[in-house]
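Fold and geometry: a report
Here's the letter readout for the chains.
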Amino acid sequence: MIDGPFPRLGVVLVNWNRWSDTIECLETLLRSTIPLRIVVVDNASSDGSSDRIAEWAAGATPAKALSPVFADMSQPGWPKPIVLRRLDAEAAAAATPDTSTITLIDAGGNLGFAGGNNVGLRFLFRASSIRHVWLLNNDTVVEPDAAMALLARMEATHKIGMCGTIVRYYHRPDVVQALNGSRFNLFTGQSRGIGEGQPGSMPFDPAKVARETDFVLGASLGVSRAFFETVGPMTEDYFLYFEEIDWAARNAGRFAIAFAHGAVVYHKEGGSIGSSAVKGRRSDASDYYLLRSRLGFIRRRALWLLPLHWVLALGQIARRLLRLQPKKALVLLRALLGLQMKTISRG
């Protein structure tokens, strides 16, 4: 364990073939009002992401804002060079955080959302000064005081386990994707973000939001050291989706769920895999992993409901056929039968 003047909050970004998104996110994190220790875990990208991120840190690759609305959050670029440390999977498994601003870890393969985040969590918690880690989707940008607000809320909450933020849509910045997280219906396997779709200016009760949160949205999820050491890392079997729900179920009320309502994050939502809150716009891969992970969760946590979820899945397949979408129906059938699909990762 390392002792010394290190930040209390670490950040993990998992990257898969979206280096430009990751760089934009990093530029906003560097403007945070508190010091951070940042880890980027690259899930075996095929687009040269690790080299592009290293070049950006050296000052050779400029950052670009996808939307002009957020240009002032990442432009002009943070002064370069930025101290960046590169580690392969073997080295990262034994290394401890140093004073590098950013550590870039090659995961050695596509470990999925949970696997990539677990690599970063294990690495950061080897520094004794880091009490909490912020799991942040790489396709986000954050307001300068978001990290401070998250850390303050977590340190002010007794027996804190998980903590979320306000998450708004990057392309619709005045619209809420979720306040803190979601409510989850075990019988349907469906979740809905608290406050989803409401104007960002609409008032809300932070304490009520925290009470109603069944699980914190994985796009912006703070985790305490005590929670990680007691409940354990994310379950990696899901690969995509339901990791946060499973984590909350494993917690079983032992640690508190808090809401950092002063922290605002903007999310591009599903850049890598084609996730979408609009069902008709979801990619085949998103449909496949959503169903596969839902069935996996039910087997683990509510086996008695598995027949119901098989019936629901068959209904999904039938609807795809009625809509003349045989390819989507086949994708869902493969998920239902436990057959494999080409491995990809989530953005």
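Residues numbered from 1 in each chain as written. Predicted model: local features only at pLDDT ≥ 70, side-chain atom pairs only at ≥ 80, totals over all residues. Heavy atoms only, no water.

Here's the deal with the pattern of salt bridges
For the structure on display, the rule yields 20 salt bridges. Residue E155 pairs with R8 through a salt bridge whose shortest N-O separation is 2.7 Å. Residue E155 is found in helix 6 (residues 146–156), and its partner R8 is found in the segment before strand 1 (9–15); the two are separated by 147 residues along the sequence. The class for R8 is partly exposed, based on a relative accessible area of 43%. For R86, the salt bridge identified is with D51, shortest N-O distance 3.1 Å. Of this pair, R86 sits in strand 3 (residues 84–87) while D51 sits in helix 2 (residues 49–58); the two residues are 35 residues apart in sequence, bridging distant segments of the chain. Connected through salt bridges with shared partners, the residues D284, D287, R320, K327 and K328 form a single ionic network. (Salt bridge = Lys/Arg side-chain N within 4 Å of Asp/Glu carboxyl O. Helix = DSSP H or I, 4+ residues; strand = E, 2+ residues; numbered from the N terminus. Buried < 20%, exposed > 50% of the residue type's maximum accessible area, 1.4 Å probe, protein only.)

Some thoughts on the confidence of the model for the chain
Parts of the prediction with low pLDDT should not have their coordinates interpreted in detail. In the predicted model, the chain carries a mean pLDDT of 92, and 93% of its residues have values of at least 70. Contacts of residues 343–347 to residues separated by more than four positions or lying in other chains number 33 contacts, the stretch itself having pLDDT below 50. (pLDDT = per-residue confidence, 0-100. Contact = heavy atoms within 4.5 Å.)

Observations regarding the sheet that holds strand 11 (residues 215–216)
In space, the three strands of this open sheet follow the order 10-9-11, with antiparallel pairing throughout. In this open sheet, the two edge strands, each paired with only one partner strand, are strand 10 (190–193) and strand 11. The sheet contact formed by strand 9 (residues 181–185) and strand 10 spans four bridges and is antiparallel. Residue pairing in the sheet places F184 in a bridge with S191 of strand 10. (Pairing = 2+ DSSP bridges.)

Concerning the nonpolar core
Counting residues in each nonpolar core, the largest one holds 54 residues, and the members touching the most others are V133, L135, L221 and W247. For this core, the leading source of residues is helix 10 (residues 284–301), giving six residues. Not counting residues up to four positions away in its chain, the partners in contact with L221 are V133, W134, L135, M162, C163, V216, M234, E244 and W247. (Core = buried A, V, L, I, M, F, W, Y, C linked by side-chain atoms within 4.5 Å.)

Details of the packing of helix 10 against helix 12 (residues 326–336)
Running from amino to carboxyl end, helix 10 crosses helix 12 at an angle of 25 degrees, the nearest separation of the two axes being 8 Å. Taken together, the axes of helix 10 and helix 12 are roughly parallel relative to one another. Classified by chirality, the crossing of helix 12 by helix 10 is right-handed. Across from D284, D287, Y288, L291, R292 and L295 in helix 10, the residues of helix 12 making contact are K327, K328, V331, L332, R334, A335 and L336. Residue composition of the contact of helix 10 with helix 12, by class: seven nonpolar, no polar and six charged. (Axes fitted to C-alpha atoms, helices over the stretch in contact; angles between N-to-C directions. Parallel < 35°, antiparallel > 145°, perpendicular 65-115°, else oblique. Left-handed = near helix turned anticlockwise from the far one by under 90°. Nonpolar A, V, L, I, M, F, W, Y, C, P; charged D, E, K, R; others polar.)

Here's the deal with unusual backbone geometry
With an omega dihedral of -5 degrees, the bond running from Q75 to P76 counts as a cis peptide bond. Tracing the backbone through its elements, the reader meets P76 in the loop between helix 3 (71–74) and strand 3. Cis geometry marks the peptide bond from K80 to P81; its omega dihedral reads 0 degrees. By secondary structure assignment, the location of P81 is in the loop between helix 3 and strand 3.

Remarks on the packing of helix 1 (residues 19–29) against helix 2
Packed helices, taken two at a time, are described by the angle their axes make and the gap between the axes. One way to put it is that helix 1 packs onto helix 2 with a least axis distance of 9 Å and a crossing angle of 35 degrees. Between helix 1 and helix 2 lies a crossing whose hand is right-handed. Contact residues: helix 1 offers W19, T22, I23, L26 and E27, while helix 2 offers S49, R52, I53 and W56.

Description of the packing of aromatic side chains
As enumerated under the stated definition, the model contains 12 aromatic pairs in all. With a centroid separation of 6.0 Å and an interplanar angle of 80 degrees, the aromatic rings of F187 and W304 are classed as edge-to-face. Residue F187 is found in the loop between strand 9 and strand 10, and its partner W304 is found in the loop between helix 10 and helix 11 (306–322); the two are separated by 117 residues along the sequence. On the basis of relative accessibility, which here comes to 45%, the residue F187 falls in the partly exposed class. (Phe/Tyr/Trp six-rings, centres within 6.5 Å; stacked < 30°, edge-to-face > 60°.)

Considerations on the environment of M154
Of note, M154 is situated in helix 6. As a C-alpha pair, M154 and L186 span 32 residues in sequence and 28 Å in three-dimensional space. In contact with M154, not counting residues within four places along its chain, are H132, I160, G161, C163, G222, V223 and S224.

Structural notes on the environment of I317
Relative to the elements of secondary structure, I317 occurs in helix 11. Given a relative accessible area of 11%, I317 falls into the buried group. Once you skip the residues sitting within four places of it in the chain, I317 turns out to touch A329, L332, L333 and L336.

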